[in-house]
Amino acid sequence: MDERRANASYRYYINLINKTVTLFEENYNYRTDRFKKGKDLTHRYTSYIETLNNGNHEKGK
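Residues numbered from 1 in each chain as written. Predicted model: local features only at pLDDT ≥ 70, side-chain atom pairs only at ≥ 80, totals over all residues. Heavy atoms only, no water.

Undergrad: Summarise unusual backbone geometry; cite the residues concerned and give the values.
TA: Here the phi dihedral of Lys19 falls at roughly 55 degrees; this positive angle occurs in a residue that is not glycine. With a relative accessible area of 74%, Lys19 lands in the exposed category. If you check the backbone angles, Asp33 has positive phi at about 60 degrees while not being a glycine. Looking at where Asp33 falls in the secondary structure, it is placed in the loop between strand E2 (20-29) and strand E3 (34-40). (Buried < 20%, exposed > 50% of the residue type's maximum accessible area, 1.4 Å probe, protein only. Helix = DSSP H or I, 4+ residues; strand = E, 2+ residues; numbered from the N terminus.)

Undergrad: If you had to explain the side chain of Thr42 to someone new, which residues and values would you point to?
TA: Structurally, Thr42 can be placed in helix H1 (residues 42-54). In this structure the side chain of Thr42 is engaged in a polar contact, spanning 2.7 Å, whose partner is the side chain of Asp40. When near neighbours in sequence (up to four residues on either side) are disregarded, Thr42 contacts Val21, Thr22 and Leu23. (Polar contact = N/O pair within 3.5 Å; in protein donor to acceptor, adjacent residues only side chain to side chain. Contact = heavy atoms within 4.5 Å.)

Undergrad: Outline the pattern of salt bridges, listing residues and values.
TA: Evaluation of the coordinates by the stated rule reveals 1 salt bridge. As a salt-bridge pair, Glu26 and Arg11 come within 2.7 Å of each other at their nearest N and O atoms. Of the two residues, Glu26 is situated in strand E2 and Arg11 in strand E1 (residues 10-15); the sequence distance between them amounts to 15 residues. (Salt bridge = Lys/Arg side-chain N within 4 Å of Asp/Glu carboxyl O.)

Undergrad: Break down the environment of Arg11 for me, with residues and values.
TA: With a relative accessible area of 23%, Arg11 lands in the partly exposed category. In this structure, the C-alpha to C-alpha distance between Arg11 and Glu25, residues 14 residues apart in sequence, is 6.1 Å. Sequence-distant contacts of Arg11, defined by excluding residues within four places in its chain, comprise Thr22, Leu23, Phe24, Glu26, Phe35, Lys36 and Lys37. For Arg11, the side chain forms a polar contact with the side chain of Glu26, separated by 2.7 Å.

This is the structure in structure tokens:
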């Protein structure tokens, strides 16, 4: 995925009825000691998976 970060936390929702997975950044607020759902990253995830499925991830091909 683009903009990979070692310290990033992610949250995902799986909807079994619609058969969908949604991926979000997870933000932590140190003052309130709470997690909050951040930016929707689903489109980045799906484009990454499509790249893997098409074999475009291997260098030299």
